[in-house]
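So you can see what is in the structure, the chains are spelled out below.
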Amino acid sequence: MNINIILAVILAVFLIGIILWVLGFKNWLVWAVTEAEKVLGSGTGQLKLRYAYNLAVAQFPIMAKMIPFTVFSKWVDAALKVMRKMIEENISIAEAITNQIEGEYE
């Protein structure tokens, strides 16, 4: 019975660690897509995806082996939504990212 409790605790710690890593990685992706937007601008979706992927592989080399590209692509889409919301809600962020004035971001 004690071995089951120990195994359950180890599994719980492992799962919590994975969840925290994924959440941290998704937060980092917001930064990566922001950098891609600064470099490539709007209307360059596939290039931004590849740019963010290259940044991710450089920063997290093991990630490329663990996360399928389709999953990564969905996470990038979610990060882009967060970035767009930040741009819509804060003119200073919009100017820093897009070098545009409020209302010009599509």
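Residues numbered from 1 in each chain as written. Predicted model: local features only at pLDDT ≥ 70, side-chain atom pairs only at ≥ 80, totals over all residues. Heavy atoms only, no water.

### Considerations on the confidence of the model for the protein chain
Then, number 1: Residues with a pLDDT of 70 or more make up 91% of the protein chain, whose mean pLDDT is 85.
Then, number 2: Below a pLDDT of 50 lies the segment residues 101–106, which in the model reaches nine contacts outside its immediate sequence neighbourhood of four places, other chains included. (pLDDT = per-residue confidence, 0-100. Contact = heavy atoms within 4.5 Å.)

### Thoughts on the nonpolar core
Then, number 1: Phe-25, Leu-29, Val-33, Met-63, Phe-72 and Val-76 are the most contacted members of the largest nonpolar core, which totals 21 residues.
Then, number 2: Every element with two or more residues in this core is listed here: helix 1 (2–40), helix 2 (45–59), helix 4 (69–89) and helix 5 (91–98).
Then, number 3: For this core, the element with the highest residue contribution is helix 4, accounting for seven residues.
Then, number 4: With residues up to four places along the chain from it excluded, the contact list for Phe-25 reads Ala-56, Phe-60, Met-63, Ile-67, Phe-72 and Trp-75. (Core = buried A, V, L, I, M, F, W, Y, C linked by side-chain atoms within 4.5 Å. Buried < 20%, exposed > 50% of the residue type's maximum accessible area, 1.4 Å probe, protein only. Helix = DSSP H or I, 4+ residues; strand = E, 2+ residues; numbered from the N terminus.)

### With respect to the packing of aromatic side chains
Then, number 1: Enumeration according to the criterion identifies eleven aromatic pairs in this entry.
Then, number 2: Ring centres 5.9 Å apart and planes at 20 degrees place the aromatic pair Phe-25 and Trp-28 in the stacked group. Of this pair, Phe-25 and Trp-28 both sit in helix 1, three residues apart, roughly one helical turn.
Then, number 3: The exposure class assigned to Phe-25 is buried, which follows from its relative accessible area of 1%.
Then, number 4: Note on Trp-28 and Phe-60: the rings are 5.1 Å apart at their centroids and 85 degrees apart in plane angle, and the pair reads as edge-to-face. (Phe/Tyr/Trp six-rings, centres within 6.5 Å; stacked < 30°, edge-to-face > 60°.)

### Regarding the pattern of salt bridges
Then, number 1: Summed over the entire model, instances satisfying the criterion amount to three salt bridges.
Then, number 2: Among the salt bridges present, the one from Lys-38 reaches Glu-35, with a minimum N-O distance of 3.3 Å. With a gap of three residues between them, Lys-38 and Glu-35 both fall in helix 1, about one helical turn apart.
Then, number 3: We classify Lys-38 as partly exposed; its relative accessible area is 45%.
Then, number 4: Linking Glu-89 and Lys-85 is a salt bridge whose minimum nitrogen-to-oxygen distance equals 3.9 Å. Taken together, the residues Glu-89 and Lys-85, both in helix 4 and four residues apart, mark about one turn of the helix.
Then, number 5: Overall, the relative accessible area of 61% leaves Glu-89 in the exposed class.
Then, number 6: Classification of Lys-85 as partly exposed rests on a relative accessible area of 48%. (Salt bridge = Lys/Arg side-chain N within 4 Å of Asp/Glu carboxyl O.)

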